[in-house]
Structures are given as C-alpha cells and as structure tokens.
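Residue strings, one per chain:
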Amino acid sequence: MRPVALITTKPGFEPELKKEIESLKIKKKVLWTPFRGLLKVLSYDLSEFLREIEDNKEELKFLFRIIPLERGCKTDLTDIKKAVSSLINEKKGKIENKSFVVRCNRRGSHSFKSEDVEREIGEYILDKFNDLNLKVNLKKWDFKVNIEILQDESYVSVFIDDFRDISVDKNIQNLKNLKKYRERPLNRSERKMQELIEKFPELFSDLNCVVDIGASPGGWTKLLSNLAKKVYAIDTGELKVRKDNIIHIKKRAELINFKEDINEDIDLITNDTNLYPVESILLTLKFVNYLKSGGYIIHTVKAEDYSKKKSSLNEILEILDRRSDIHICKIINLKANTKNELTLILKKV
Ligand SMILES: C[S@@+](CC[C@H](N)C(=O)[O-])C[C@H]1O[C@@H](n2cnc3c(N)ncnc32)[C@H](O)[C@@H]1O
C-alpha cells in the first residue's frame, strides 16, 4: 500500500473521520498525522479510493477535503523536482500549451516558505519543459502542480480536468458551528496516553502518586489526573490543564530535589520529554529509586530520526540491562507515535 490521499476535517474530529473512512469497503489504512485535522490514507489504487469516496459521499459527514497524492518523496527540493518532472512527463500529452499554477501547502517547521517552493518549482517547470509552451497563470490555470509538505515527507500531484482535490462543502458548513461533543485531545501526545490507557488498563489501576516528566502542555497529565490521586507534572513549560490533584513543578527534571519537591513513593513514572534518547532514559532512572516495587514506567524513546531508531533503542536496552531492578515489559509502536518514536513499558521488580 502507498499513500494515496490526505483527508481533512475540523480539528478535533480526526477520530470520527478515521472511523468513517475505515468503514469504506476497499483495502486501505487510515493513519494519524501530527497535524490537526489531517489524516493520511494508504491504499493500493488511488482511482479505486476516489471512486469509493464518490460512491459513499452522502454517508461521509466528517470529510472536508480529499487531496489525492500521486508521488511521494523527501522534503528536499531536488527530490520534489524529480517527482514533478516524472509526473509532467507522464501527462505531457494533456498539458501542452496550457497554463498552470504551483501550489504548496507546508506543514511543520522549515527554513523556507511555501511561496519559495512555489516560485522555485514554477521556474523549474518553465525551464525544463520549455518545449511544451507552458505559461504561469495564478488565477485562471488549466492544471495545478500541487505540493503537500508534512515535515520530512512531501507529496506531489498534477491536477488536471476532473482529477483534482475535492471539497465537501456541505460537511464544512454543517460542522462549522458544531462544538465537539467529546473533549478534544490537547495534542498528539495525549493520543499516545489514551491508547496506552485503552490497551493496558492494568498500568493505571490503583494509582496514588504519578510523576509525569516533560508534561507540558499537559495531555498526559490531564488523562493521568483522572486516574491517579495526585500527579506531579514536571516541565519548565506551561500546563494548559489545571486541577486540584495536579502539582506543576516548573523545573527541569534534572534539577528536582526529591525530598523537597515530591517526597512520597511513586506508583507510576511517565516520561515524554523531547530529549536525546540516552539523556531521557537516564532522567527516568533518576526517579526509579523512588518508585514502589511493582510500579510501572512509561517512557517514550524519541530517536533523532528514523535511521537512528534501532541504534537508539539498543543504547537504551544496554543501559537497562545493567539495572537488575528493572524489567522490560513491552516495547511498542503506538498508533499515535511518530515514526521516530517507540514506547517502553518497564516495571520495577
Ligand atoms: C512532547 S512534549 C510532552 C507532551 C506531553 N506529554 C503532553 O501530553 O502534553 C515534551 C516536553 O518535554 C519537556 N522537556 C524537555 N526536556 C526536559 C527536562 N530536562 N525536564 C523536564 N521537561 C523537559 C519540554 O519542555 C516539552 O514540554
């Protein structure tokens, strides 16, 4: 399967859209993205997916837009140019003497703007395909070169005639004033914790004191505070959640003085800091001395990039191997993890 489309909805309604698309009867996978209101669909056949959407449009209530994806590549101008070039070559017959526009929707943080990509790719097309006699027309174009950037991955499509992005205006209108009937997650991180709570309820039974390291803006803290008597949320950043049983310690976790700041036995340690993997596990271990035996640890491993995921995990396993008081229960890829992340469930023996 390959990415065939990005689909959008009102932020907060991603789970509903996911469910709706998952109920379609073709083979596909619907994936979360770290971006609000945006999901990615994998399938075998783009045309089949678009036909299925068309046939079921009346039943789909949460779908706002479908952006078909033709080529995927890294977010790198040379790679994007290659993808554009291969698509234009493929559609040469249809686009000769036509006017076009390049549109780029950039999500994530980069050193360039969407307009920079649009300008550079536009110039590249005019230059490389000057035999096709193409013209740029930003308002009245015959075809659109569409570039979707999702941090490190990019997708290119050439929309012409009936093949284009689709908006379901009726849904956009209907959902405009609808308040979310279920509380929206604060962020993607909260989905990781939600998933853990659903899959491993045993980790959360009978919790008195939880220490949440790297807690801001508070997705994990919020859910944990519904399950524990008290949550110590450690982060220099602000918390967007306030409750009587949440104690925000506004410090770097390295600087915590256990006796002064916490001074009670811990039932569960969670760590979702965005530190280097080894730094982060050493931080977790700093708190293990105060964890009750039988207490669990939930720890996110965040590799610098996908290529380092395995080696980062190995480094961590080596460190844990030296700790006879820690048992590794599970190493899992949560649905809400990014591709660079893994989640460890550990237990103090
Ligand atoms: C991905 S966010 C955590 C999101 C959080 N789990 C949630 O659900 O909202 C990572 C956090 O780790 C915090 N962090 C990074 N290094 C830290 C440290 N040494 N001590 C405490 N917090 C740290 C950052 O300030 C950031 O807020």
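A quick note: this is a predicted structure, and the numbers were derived from the prediction, not measured.

Undergrad: Which parts of the structure should I look at to understand the overall build of the protein chain?
TA: The number of helices and strands found in the protein chain is 11 helices and 17 strands. Expressed as lengths along the three principal axes of its C-alpha atoms, the size of the protein chain is roughly 75 × 40 × 35 Å. Contacts in the protein chain between residues far apart in sequence, at least 24 positions, make up 62% of those at least 6 positions apart.

Undergrad: It is not clear to me how the pairing of strand β4 (residues 65-68) should be interpreted in this structure. Could you clarify?
TA: Both faces of the sheet carry side chains from a regular strand, because those side chains alternate between them. As judged from the 4 bridges shared by strand β1 (residues 2-8) and β4, these two strands associate in the antiparallel manner. Across the sheet, the residue bridging to Ala-5 is Pro-68, located in β4. In terms of strand pairing, β4 meets strand β10 (residues 166-167) through 2 bridges, oriented antiparallel. If you follow Arg-65 over to β10, its bridge partner there is Ser-167.

Undergrad: Could you clarify how one ought to interpret the pairing of β1 in this entry?
TA: Summarising burial for β1: 6 of the 7 residues are buried, a large majority. For β1 and strand β3 (residues 38-43), the ladder comprises 6 bridges, and the chain directions are antiparallel. By the bridge assignment, Pro-3 is partnered in β3 with Leu-42.

Undergrad: Please clarify how the site of the ligand should be interpreted in this entry.
TA: Surveying the vicinity of the ligand reveals 23 residues, the closest of which are Ser-189, Gly-214, Ser-216, Gly-219 and Asp-272. Taken together, the elements giving at least two residues each to the shell around the ligand come down to α7 (188-199) and α8 (219-225).

Undergrad: Any chance you could explain the domain arrangement of the protein chain here in plain terms?
TA: Bring the parts together and some accessible area is lost; that lost area is often taken as the interface size. Along its sequence, the protein chain is carved into domain 1 (2-64 + 168-176), domain 2 (71-166) and domain 3 (188-348). Centre-to-centre, using C-alpha coordinates, domain 1 lies 23 Å away from domain 2. Taken together, the contacts link 6 residues of domain 1 with 6 residues of domain 2. Within the side of domain 1 that touches domain 2, the residues separate by chemical class into 4 nonpolar, 1 polar and 1 charged.

Undergrad: Would you mind showing me how to read the sheet that holds strand β12 (residues 228-234) here?
TA: Strand pairs in the sheet, formed through backbone hydrogen bonds, run parallel or antiparallel to each other. The sheet built from 7 strands is open, its strands ordered β13-β12-β11-β14-β15-β17-β16 with mixed pairing. Strands at the two margins of the open sheet, each flanked by one partner only, are β13 (246-249) and β16 (326-332). Strand-to-strand twist in this sheet, taken as the mean axis angle between neighbours without regard to direction, amounts to 15°. Docked against the sheet, helix α11 (residues 309-321) engages β15 (291-302), β16 and β17 (341-348), running at close to 160° with respect to β15.

Undergrad: Help me understand helix α5 (residues 114-128) in this model?
TA: For the α-helix, the turn length of 3.6 residues means that residues three or four positions removed from each other point alike. In this model, α5 (15 residues) spans 21 Å end to end at C-alpha, consistent with the 21 Å of a helix rising 1.5 Å per residue. As for α5, its buried residues are in contact with α3 (77-90), β6 (99-107) and β8 (143-150).

Undergrad: Got a minute to help me understand the packing of α3 against α5 in this structure?
TA: The relative placement of two packed helices is expressed as an angle between their axes plus a distance between the axes. Packing of α3 against α5 leaves a shortest axis separation of 11 Å and a crossing angle of 45°. Relative to α5, the element α3 lies oblique. Here α3 and α5 pass one another in a crossing that is right-handed. Here Leu-77, Ile-80, Lys-81, Val-84, Ser-85 and Ile-88 of α3 come into contact with α5, specifically with Glu-120, Ile-121, Tyr-124, Ile-125 and Lys-128. Taken together, the residues of the contact of α3 with α5 sort by class into 7 nonpolar, 1 polar and 3 charged.

Undergrad: Just checking my understanding: could you explain helix α10 (residues 277-288) for this structure?
TA: The terminal C-alpha atoms of α10, which comprises 12 residues, lie 17 Å apart, in line with the 16 Å expected from a rise of 1.5 Å per residue. Those residues of α10 that fall on the buried side of the exposure criterion are Pro-277, Ser-280, Ile-281, Leu-283, Thr-284, Leu-285 and Phe-287. Of the surrounding secondary structure, the elements contacted by the buried residues of α10 are β11 (207-213), β14 (266-271), β15 and α11.

Here is what the cut-offs are and how they apply
- Residues numbered from 1 in each chain as written.
- Predicted model: local features only at pLDDT ≥ 70, side-chain atom pairs only at ≥ 80, totals over all residues.
- Helix = DSSP H or I, 4+ residues; strand = E, 2+ residues; numbered from the N terminus.
- Contact = placed C-beta atoms within 7 Å.
- Pairing = 2+ DSSP bridges.
- Buried ≥ 20, exposed ≤ 12 C-beta atoms within 10 Å, placed from the backbone.
- Near = placed C-beta within 6 Å.
- Domains from an automatic or database assignment.
- Nonpolar A, V, L, I, M, F, W, Y, C, P; charged D, E, K, R; others polar.
- Axes fitted to C-alpha atoms, helices over the stretch in contact; angles between N-to-C directions.
- Expected span 1.5 Å × (residues − 1).
- Parallel < 35°, antiparallel > 145°, perpendicular 65-115°, else oblique.
- Left-handed = near helix turned anticlockwise from the far one by under 90°.

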